[in-house]
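What follows is each chain in one-letter form.
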Amino acid sequence: MAFMEKPPAGKVLLDDTVPLTAAIEASQSLQSHTIVRRYSDFDLLNNSLQIAGLSLPLPPKKLIGNMDREFIAERQKGLQNYLNVITTNHILSNCELVKKFLDPNNYSANYTEIALQQVSMFFRSEPKWEVVEPLKDIGWRIRKKYFLMKIKNQPKERLVLSWADLGPDKYLSDKDFQCLIKLLPSCLHPYIYRVTFATANESSALLIRMFNEKGTLKDLIYKAKPKDPFLKKYCNPKKIQGLELQQIKTYGRQILEVLKFLHDKGFPYGHLHSSNVMLDGDTCRLLDLENSLLGLPSFYRSYFSQFRKINTLESVDVHCFGHLLYEMTYGRPPDSVPVDSFPPAPSMAVVAVLESTLSCEACKNGMPTVSRLLQMPLFSDVLLTTSEKPQFKIPTKLKEALRIAKECIEKRLIEEQKQIHQHRRLTRAQSHHGSEEERKKRKILARKKSKRSALENSEEHSAKYSNSNNSGSGASSPLTSPSSPTPPSTSAALGLGKRCKERDICITSTSSTSTTTSSSLASCEHRGTCPALIPGCEWCEPRGLTQLHPEFPKRNFEESRNL
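Residues numbered from 1 in each chain as written. Predicted model: local features only at pLDDT ≥ 70, side-chain atom pairs only at ≥ 80, totals over all residues. Heavy atoms only, no water.

Undergrad: Any chance you could explain the pattern of salt bridges here in plain terms?
TA: Between side chains of opposite charge, a pair can form as their charged atoms come close. One pass over the structure, following the stated rule, counts 23 salt bridges. Between aspartate 43 and lysine 61 there is a salt bridge, with the nearest N and O atoms lying 3.5 Å from each other. One end of the pair, aspartate 43, is in helix 1 (residues 39-48); the other, lysine 61, is in the loop between helix 1 and helix 2 (69-87), and 18 residues separate them in sequence. Note on aspartate 43: relative accessible area 18%, which makes it buried. The class of lysine 61 is exposed, set by a relative accessible area of 58%. (Salt bridge = Lys/Arg side-chain N within 4 Å of Asp/Glu carboxyl O. Helix = DSSP H or I, 4+ residues; strand = E, 2+ residues; numbered from the N terminus. Buried < 20%, exposed > 50% of the residue type's maximum accessible area, 1.4 Å probe, protein only.)

In structure tokens form, the structure reads like this:
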């Protein structure tokens, strides 16, 4: 299906991995998505999340005085902190309970009932299968449900049926989608967990695999039971311990080999994490190849969507492998990504691989290829012994459909990364301008600007007053004959000055021969362009306030020149 083609009716455009945040504010100030929750709703949510084994900071109840203004403000801060703790926890923020609490409009459906209806319709055409029990909440996906199965003529053998709805990255046509789903049982690889049965319709897919009592690689790391709920198994492990170095090397090499095989086949994956790796003895086998065909978002999407250099499914697989390697090494996921510094590891070769996939430099500059990771010292000396030959034949027409779908998935990822980058820049700018330091700077600049404008206004007022005096003195001054001599006191003693860069210039008389004037110092400030100095006058620095001659009250130098 082309990228601009209208999506099918059964496709779910909502991406469940998009993190939700919540802020408690007064209802009058909210202009967008609004939910009304009482304290009892928070208490009910907190009780439901106790299965995770975490100590969540829910404010305590209060029966008397719970309507006081101060108490309400204090409780609001406590509930905000409670929501912040939940939404920053990667596992809790993706669980159905939290999604329904924060966004009931988009998560109001009962997906277990929908899955049961779809599975019941399937059993009508396939009577040899029988449901033993539903495996409630063993996975993290909201729209993916699991059931323990058996074959009627083999009652002791147990299988797992997984049903999943379509996701926002489903770009295959219905025909190509169903053909590729039915092609999965023919995929044979020593490091891919085999699919026993697969079918699909226009809105969902159903697959059956053998049930493994040992569980996944994540169950091994966390010492968990496979049938327990996801929150109980992985939110708060009792013991944090990584795997041995040889296990890390062997499991890592096996996973990289199967990723390289899928990349060479042109089959998009992008869903690597420790719960999608099944343990069969000492062999790791990859699960859930159908996720990319269904268009489901990745478990680590909220991490790699922050980095614009991780924009292909191959680079996504490498980044997710870094998360997996960190979990195998330290027994827990990283606290945040990118990772600034790594704790001590069993080998420096492990740290080298982690730095190439999870460090700040790697996330900023891009991921290495799978082939490059295979050549690194941690995996290059691992010998794999297997006699099974990989087989996965994909028709040419379906390969082209996969290539187009892969490009569309990467295009949506790039658009999402661009929006996140723009939002981050806007948020950073707002926080910068709202900081206390910036406020002080703006206040200082405002004061300087107001002083400058006041000074300019006063200067303009002085200039206007000076011009009005000039015009008045010219009209009232007595006319002199061109042949009459100029008094020596005015022609020799007075000179013109000019202002240089707001420096006040003073004029000093150098002669005292006139009877009408005496030796005096007059301070003036001329803002226009003046002629050159008259001989007999000199520049000098201002010497403070001076007295004007009594015969020239309130007149400047231009008046004296006219006289």
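Still more to cover.
Undergrad: Is there a simple way to explain the packing of helix 1 against helix 2 in this structure?
TA: In helix packing, the relevant descriptors are the interaxial angle and the interaxial distance, both defined with respect to the helix axes. Packing of helix 1 against helix 2 brings their axes to within 12 Å, and their N-to-C directions diverge by 30°. Of the two possible hands of crossing, helix 1 and helix 2 adopt the one that is left-handed. Mapping the contact onto sequence places Tyr39, Phe42, Leu45 and Asn46 in helix 1 and Arg75, Leu79, Tyr82, Leu83 and Ile86 in helix 2. (Axes fitted to C-alpha atoms, helices over the stretch in contact; angles between N-to-C directions. Left-handed = near helix turned anticlockwise from the far one by under 90°. Contact = heavy atoms within 4.5 Å.)

Undergrad: Help me understand the nonpolar core, please; the structure alone is not making it clear to me.
TA: Generally speaking, nonpolar side chains in soluble globular proteins are found buried as a group. Grouped together as the largest cluster of nonpolar side chains are 105 residues, with contacts concentrated most on Leu49 and Leu272. Sort the elements by how many residues they give to this core and helix 12 (residues 313-330) lands first, with 10 residues. Mapped onto the domain boundaries, this core takes at least three residues apiece from domain 1 (13-107) and domain 2 (111-422). Sequence-distant contacts of leucine 272, that is, excluding residues within four places in its chain, are made with Ile255, Leu259, Val277, Leu286, Tyr300, Asp317, Cys320, Phe321 and Leu324. Residues Ala115, Met149, Leu161 and Trp163 belong to the second largest nonpolar core, which totals 13 residues. (Core = buried A, V, L, I, M, F, W, Y, C linked by side-chain atoms within 4.5 Å. Domains from an automatic or database assignment.)

Taken by themselves, the reported measurements are silent on function.
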